[in-house]
Amino acid sequence: MYKRIVMFLLVAVTLVLVACGNDNKESSDGGDKDTKGLDTRILTIATGGSSGPYNIIATTLADGYSKEFGINSRTQTTGASVENLNLMAQEKVEMSFVMSDALLQALEGTDGFTEKIDNVQILANLYPNYVQIITTGKTGVESVDDIKGKRVAVGDQGSGVEIATKAVLEAHGITYDDIEVDYLGYAEAADALKSGSIDVAFTTSGLPNASVMELQNSVDLKIVPIEAEAVETLKESVPIFESLPIPAGTYGNDEDIPTAAIRNALVVRSDLSEDDVYELTKYLFENLDKLENSHQAAKDINLEEAQNISVGELHPGAKRYYDEQ
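None of the values given here were measured: they were computed from a predicted structure.

Rules behind the numbers
Residues numbered from 1 in each chain as written. Predicted model: local features only at pLDDT ≥ 70, side-chain atom pairs only at ≥ 80, totals over all residues. Heavy atoms only, no water. Core = buried A, V, L, I, M, F, W, Y, C linked by side-chain atoms within 4.5 Å. Buried < 20%, exposed > 50% of the residue type's maximum accessible area, 1.4 Å probe, protein only. Helix = DSSP H or I, 4+ residues; strand = E, 2+ residues; numbered from the N terminus. Contact = heavy atoms within 4.5 Å. Phe/Tyr/Trp six-rings, centres within 6.5 Å; stacked < 30°, edge-to-face > 60°. Salt bridge = Lys/Arg side-chain N within 4 Å of Asp/Glu carboxyl O. Polar contact = N/O pair within 3.5 Å; in protein donor to acceptor, adjacent residues only side chain to side chain. Pairing = 2+ DSSP bridges. Right-handed = clockwise from strand over helix to strand, strands pointing away. Arc of directions from axis to C-beta. Axes fitted to C-alpha atoms, helices over the stretch in contact; angles between N-to-C directions. Parallel < 35°, antiparallel > 145°, perpendicular 65-115°, else oblique. Left-handed = near helix turned anticlockwise from the far one by under 90°. Nonpolar A, V, L, I, M, F, W, Y, C, P; charged D, E, K, R; others polar.

Participant: Provide a residue-level description of the nonpolar core, including the pertinent values.
Facilitator: One finds Tyr65, Met95, Ile133 and Ile147 to be the most contacted residues of the largest nonpolar core, which totals 81 residues. Per-element tally for this core: the top contributor is strand E4 (residues 120-136), with eight residues. Residues contacting Tyr65, with those up to four places away along its chain left out, are Leu43, Ile45, Gly70, Ile71, Ser73, Met95, Leu280, Tyr283 and Leu284. In terms of nonpolar packing, the next biggest core, distinct from the first, is built from 19 residues, Ala153, Ala189, Val212 and Ile246 among them.

Participant: Tell me about the packing of aromatic side chains, residues and numbers included.
Facilitator: Within this structure, the stated rule accounts for eight aromatic pairs. Note on Tyr65 and Phe69: the rings are 6.0 Å apart at their centroids and 40 degrees apart in plane angle, and the pair reads as tilted. Linking Tyr65 with Phe69, this pair stays in helix H2 (residues 53-69), spanning four residues, or about one helical turn. Seen in terms of ring centroids, Phe285 and Tyr321 are 6.0 Å apart; in terms of plane orientation they differ by 15 degrees. Their pairing is stacked. Linking Phe285 in helix H9 (residues 274-286) with Tyr321 in helix H12 (residues 316-324), this pair joins segments that are 36 residues apart in sequence. An identical accessibility class is assigned to Phe285 and Tyr321; each is buried.

Participant: Which residues make up the environment of Lys319, and what are the values?
Facilitator: Note that Lys319 resides in helix H12. Look at Lys319 and you get partly exposed, because its relative accessible area is 42%.

Participant: Break down unusual backbone geometry for me, with residues and values.
Facilitator: Cis peptide bonds are those with omega within 30 degrees of zero, and the linkage from Leu207 to Pro208 qualifies with -10 degrees. Counting through the fold element by element, Pro208 comes out in the loop between strand E7 (200-205) and helix H7 (210-215). Located in the positive-phi region is Ala80, a residue other than glycine, with phi close to 85 degrees. Locating Ala80 in the fold gives a position in the loop between strand E2 (72-76) and helix H3 (81-89). A residue is classified by how much of its surface remains accessible, and Ala80, at 13% relative accessible area, is buried. Look at Glu91: it is not a glycine, yet its phi comes out positive at around 60 degrees. Mapped onto the secondary structure, Glu91 falls in the loop between H3 and strand E3 (95-99).

Participant: Just give me the short version of the pattern of salt bridges, but keep the residues and values in it.
Facilitator: Inspection of the entire model under this criterion finds eleven salt bridges. A cluster of three or more residues bridged by salt bridges with shared partners is formed by Glu94, Arg269 and Asp271.

Participant: Residues and numbers for the side chain of Ser100, please.
Facilitator: Tracing the chain through its elements places Ser100 in helix H4 (residues 100-108). Among the polar contacts made by the side chain of Ser100, one reaches the main-chain carbonyl oxygen of Arg263 at a distance of 2.8 Å. Once residues lying within four places of it in the same chain are set aside, the contact partners of Ser100 are Asn125, Ile240, Ile262, Arg263, Asn264 and Val311.

Participant: Tell me about the pairing of E2, and name the residues and values.
Facilitator: Across five bridges, the pairing between strand E1 (residues 42-46) and E2 is parallel. From the neighbouring strand, Ile42 faces E2, where its bridge partner is Asn72. In this fold, E1 hands off to H2, which returns the chain to E2; that crossover is right-handed.

Participant: Provide a residue-level description of H4, including the pertinent values.
Facilitator: Regarding H4, the residues found buried are Ser100, Asp101, Ala102, Leu103, Gln105 and Ala106. Residues of H4 that are buried sit in contact with H3, E3, E4, helix H5 (160-171) and strand E10 (257-269). Immediately beyond the C-terminal end of H4, within one or two residues, lies Gly109, with a positive phi of roughly 70 degrees.

Participant: Tell me about the environment of Ala248, and please be specific about residues and values.
Facilitator: Structurally, Ala248 can be placed in the loop between strand E9 (242-246) and E10. We classify Ala248 as partly exposed; its relative accessible area is 41%.

Participant: Any chance you could break down helix H6 (residues 186-195) for me, citing the residues and the numbers?
Facilitator: Taken residue by residue, H6 has Tyr186, Ala189, Ala190, Ala192 and Leu193 as its buried positions. Seen along its axis, H6 keeps its buried residues to an arc of 165 degrees; they face one direction. Set apart from the buried face of H6 by more than 90 degrees, the exposed residues are Asp191, Lys194 and Ser195. In this structure, the buried residues of H6 make contact with E4, strand E5 (151-153), H5, E7 and H7. Gly196 sits one or two residues past H6 and shows a positive phi near 85 degrees.

Participant: Quick one: what's the story with the packing of H2 against H9, residue by residue and with numbers?
Facilitator: Interhelical geometry of H2 versus H9 gives an angle of 120 degrees and a closest axis separation of 11 Å. With respect to H9, the element H2 is oriented oblique. Like other packed secondary-structure pairs, H2 and H9 cross with a definite hand, here right-handed. The segment H2 lies against H9, with Leu61, Gly64, Tyr65, Glu68 and Phe69 engaging Glu279, Leu280, Tyr283 and Leu284. Residue classes in the contact of H2 with H9 are distributed as six nonpolar, one polar and two charged.

Structure (structure tokens):
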């Protein structure tokens, strides 16, 4: 009787081990199709401030990547473009949202970058970032020239917002010596405007910006225009800027407000495999509706603009996807 029990237990254990082995084999061979053959198991997406479109859209994208490919995809809140690109160079993240002017500086090793960053390629050009110069009715600021002598939030130090801020100010003959500088992100700048501790804030993002929308409910919000002529001057030093309006109704404004804009880019590390980036690009464009539901700025993402790059080069995996369309 004892021998029968032992034999029964041995057979049962053997069957369990065989079953587990088959399950593992199916998983490693791609039999379960959850991972779709991705080489990478981790995909960290560097974003920006917690209330900005980068973070909102990237959170939806990371969640989708995790579910679609069975990988560990998450976002990392950062000071945005410059920090993101440095994280890419240090191989601490695999994907980033960046502004094209910061990407240009990184590739050339200029301004805030001490050396060229050469391990970054583009997955897609995204929606435009609009320079939104916000103030309140009591400051008396009606134009960019009026910013002289004011307390100004210029974005997080070294961020893409700050890069754009400096360029816009310089196009109007204004330097940091002419203003009182505060390095504040979106939410902090909105709070400072509300409390009156600053007069003006530069917010460069997709439309609408959540912090600006919230601010309009508590102050007499004003958006300072950047006229087309000034954008032409700006383009002499930063050719990738363009003149675009903030549409009427975005922040309760009755009319379009002229301003400067610059494209965002979704970039990946060059060492990600061609097949992986192909699948990541494909998922992005097959799920644009989900991104649009998370933030309306994603409505401006389209196939034509995505591959129409003026800075850097497309990753081979992204290029293969676009060539097939």
